[in-house]
Amino acid sequence: MPKQNLITKYPIEWRKGKLGIKIFCSIPKIATGILISAGDNLFLVDPGDGILRDINKELTSGQMLSVSNIFVTHGHHDHVGGIWSLLTYWRVVHKLTPVNIYYPEGCVEIESIHRAFLSVYSKSISYKIHLKKISNNRELSAKNVKVKPFPVLHKEYVELHSKQKQVPALGYKFIYDGSSICYGGDTARCEPLVQMAKNSDLAILEAGLEEGEPDDGMHMSVEEAIQIGKTAKDFFLVHVPE
Ligand SMILES: [Zn+2]
């Protein structure tokens, strides 16, 4: 296996034809930030803290205004922490085109951020925000990109250091112009991810389980992630504890 697949050094960039991805970072408990380009269309995936800074370095101001879709796998802060900045930035620079935010049903974080944003700025928002709650995992289409959401296994503590519960969590497979990228978000090993990653041009797999720690049902070990990664044509491990 090429050694680079094991080393997570950010940013990670990958492209096949008209479908490309740049992972600015994916550090557990800190931040994730992913930009997908499909032709001229720009999507953000799991915009954690720092995403505005990162796309500001990467894109022209016109491109920053044209971002049309945000895909959120789950509501943990390291995956949504940059949304307030994005929404506010677009208000300040007078974005005119709408933005869709896709998220799993029950993800209260997205709805709360959205509600708070509207309550603070309701009279001065230049663009439309469409919340796109995903409840049935049916394939959807955004700017001619096919997007297949799939359920994954991820948990959080309900009480300090004790009980855990499943959180609303999805992975997404993006298909455009004959190329495909499968991103599992945060997840323990689960069958939908195994199926979706298989034969993808690129699989992005989290390996967030701390080495030597017992399986917590929240994350995959490096070995589990690699095993799934090998069924795709190419893969990267992300969210490896640093
Ligand atoms: Zn998480």
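Everything quoted here is computed from the prediction, not taken from an experiment. (Residues numbered from 1 in each chain as written. Predicted model: local features only at pLDDT ≥ 70, side-chain atom pairs only at ≥ 80, totals over all residues.)

Novice: How do you make sense of the packing of helix α4 (residues 83-92) against helix α5 (residues 108-121) when you look at a structure like this?
Specialist: Axis angle and axis distance: for two packed helices, these are the angle between their axes and the distance between the axes, and together they describe the pair. The interhelical angle for the contact between α4 and α5, taken along N-to-C directions, is 35°, at an axis separation of 10 Å. α4 and α5 meet at a crossing whose hand is right-handed. Contacts from Ile83, Trp84, Leu87 and Arg91 of α4 reach α5 at Ile113, Phe117 and Tyr121. (Axes fitted to C-alpha atoms, helices over the stretch in contact; angles between N-to-C directions. Helix = DSSP H or I, 4+ residues; strand = E, 2+ residues; numbered from the N terminus. Left-handed = near helix turned anticlockwise from the far one by under 90°. Contact = placed C-beta atoms within 7 Å.)

Novice: Help me understand the sheet that holds strand β8 (residues 140-142) in this model?
Specialist: Strand pairing within a sheet occurs via backbone hydrogen bonds; the two strands may be parallel or antiparallel. The 6 strands lie next to each other as β8-β9-β12-β13-β14-β15, forming an open sheet whose pairing is mixed. Single-partner strands in this sheet number two, and they are β8 and β15 (235-238). With direction set aside, neighbouring strand axes in the sheet form an average angle of 20°. As judged from the 3 bridges shared by β8 and strand β9 (residues 145-151), these two strands associate in the antiparallel manner. Counterpart to Ser141 in the pairing with β9 is Lys146. Its contacts with the sheet put helix α7 (residues 222-229) on β14 (202-206) and β15, and the angle it makes with β14 is roughly 165°. (Pairing = 2+ DSSP bridges.)

Novice: Any chance you could explain the environment of Ile12 here in plain terms?
Specialist: As for its position among the elements, Ile12 is in strand β1 (residues 12-16). The spacing of Ile12 and Lys148 is 136 residues in sequence and 22 Å in space, taken between C-alpha atoms. With residues up to four places along the chain from it excluded, the contact list for Ile12 reads Ile23 and Phe236.

Novice: Help me out: how do you make sense of unusual backbone geometry in this one?
Specialist: The omega angle of the peptide bond from Tyr10 to Pro11 is 0°, so this bond is cis rather than trans. By secondary structure assignment, the location of Pro11 is in the segment before β1. Positive phi, normally seen in glycine, also occurs at Asp46, with a value near 45°. Considering the arrangement of structural elements, one finds Asp46 in the loop between β4 (41-45) and α1 (51-58). Assessed through the 28 C-beta atoms surrounding it within 10 Å, Asp46 is described here as buried. Although it is not a glycine, Asn144 adopts a positive phi angle of roughly 65°. Tracing the backbone shows Asn144 in the loop between β8 and β9. (Buried ≥ 20, exposed ≤ 12 C-beta atoms within 10 Å, placed from the backbone.)

Novice: Got a minute to help me understand the confidence of the model for the chain in this structure?
Specialist: In low-pLDDT segments, the atomic positions of the prediction should not be examined closely. Put simply, the chain has an average pLDDT of 93, and 97% of its residues get 70 or more. Considering only residues more than four positions removed or in separate chains, one finds that residues 1-5, a stretch of pLDDT under 50, has 4 contacts. (pLDDT = per-residue confidence, 0-100.)

Novice: Would you mind going over the sheet that holds strand β3 (residues 31-38) with me for this structure?
Specialist: Read across the sheet, 7 strands follow the order β1-β2-β3-β4-β5-β6-β7 without closing on themselves; strand pairing throughout is mixed. With partners counted over all chains shown, the strands left at the sheet margins are β1 and β7 (129-134), one partner each. Averaged over all pairs of adjacent strands, the angle between their axes in this sheet comes to 20°, without regard to strand direction. Lying on the sheet, α1 is in contact with β2 (19-27), β3 and β4; it crosses β3 at an angle near 35°. Most of the contacts of α5 go to β7, to which it runs at about 165°, and overall it touches β6 (99-104) and β7.

Novice: Would you mind going over the pairing of β2 with me for this structure?
Specialist: Within a regular strand, the side chains alternate between the two sheet faces. When β1 meets β2, the two strands line up antiparallel, connected through 5 bridges. In the strand pairing of β2, Glu13 is matched with Lys22. Between the end of β1 and the start of β2, which pair antiparallel, lie 2 residues, with Gly17 showing a positive phi angle near 60°. With 8 bridges connecting them, β2 and β3 associate as antiparallel partners. Paired with Ile23 across the bridge in β3 is Ile34. The antiparallel hairpin formed by β2 and β3 contains 3 residues in its connecting segment, where Lys29 sits at a positive phi of about 70°.

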